[in-house]
Amino acid sequence: MDKFYYNLQTGEVEQGKQSSAFERMGPYETREEAAAALAAAQERTEAWDEADKEWKEDWEGSEEDSWDDEDAEDSEGQ
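Residues numbered from 1 in each chain as written. Predicted model: local features only at pLDDT ≥ 70, side-chain atom pairs only at ≥ 80, totals over all residues. Heavy atoms only, no water.

## Comments concerning the overall build of the protein chain
A count of helices and strands for the protein chain gives three helices and three strands. N-terminal to C-terminal, the α/β element order of the protein chain is β-β-β-α-α-α. Of the contacts made within the protein chain by residues no fewer than 6 positions apart, 23% connect residues no fewer than 24 positions apart. Summed over all atoms, the accessible surface of the protein chain reaches about 6500 Å², with 46% contributed by carbon and sulfur. (Helix = DSSP H or I, 4+ residues; strand = E, 2+ residues; numbered from the N terminus. Contact = heavy atoms within 4.5 Å. Areas by Shrake-Rupley, 256 points an atom, 1.4 Å probe, with all protein chains shown as cover.)

## Quick notes on a negative patch on the surface
A cluster of like negative charges, contributed by E43, E46, D49, E50, D52, E54, E57 and D58, occupies part of the molecular surface. Counting through the fold element by element, E46 comes out in helix α2 (residues 37-61). (Patch = residues over 30% accessible without salt bridge, like charges linked within 9 Å, V, L, I, M, F, W, Y side chains within 5 Å. Salt bridge = Lys/Arg side-chain N within 4 Å of Asp/Glu carboxyl O. Lys, Arg positive; Asp, Glu negative; His and termini not counted. Charge placed at Lys NZ, Arg CZ, Asp CG, Glu CD.)

## A closer look at the packing of aromatic side chains
This model, assessed by the stated rule, comprises one aromatic pair. Plain terms: the ring middles of W55 and W59 are 6.0 Å apart, the flat faces sit at 10° to each other, and that makes the pair stacked. Of the two residues, W55 and W59 both sit in helix α2, four residues apart, roughly one turn of that helix. Assessed through its relative accessible area of 56%, W55 is described here as exposed. Overall, W59 belongs to the partly exposed group, its relative accessible area being 42%. The side chain of R24 reaches across the aromatic face of Y5, ending 4.9 Å from its centre. (Phe/Tyr/Trp six-rings, centres within 6.5 Å; stacked < 30°, edge-to-face > 60°. Buried < 20%, exposed > 50% of the residue type's maximum accessible area, 1.4 Å probe, protein only. Lys NZ or Arg CZ within 6 Å of the ring centre and 35° of its normal.)

## Quick notes on the side chain of N7
When you line up the elements, N7 lands in strand β1 (residues 4-7). On the basis of relative accessible area, N7 is assigned to the buried category, the value being 3%. A distance of 2.7 Å separates the side chain of N7 from the backbone nitrogen of Q9, its partner in a polar contact. From its side chain, N7 meets the backbone nitrogen of T10 in a polar contact 2.9 Å long. Leave out the neighbours within four places in its chain, and N7 touches E12, E14, S19, E23 and R24. (Polar contact = N/O pair within 3.5 Å; in protein donor to acceptor, adjacent residues only side chain to side chain.)

Next comes the structure, spelled out in structure tokens:
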């Protein structure tokens, strides 16, 4: 049985590779999964953005982990 794809141009779910790879998301096992493709992608993007923000805040808040010119000079001599 063919997989399902979400067509980015038409907003329709397609069964099988009916459109160009540049125009579709998938494959998905079910029609429902394909229909929710954009929402799922948006949720993942938001989660990744939040994780990046938290990582950046942790990195900037850590004095111990900061890298300075003195550290660079030390590593060059090794």
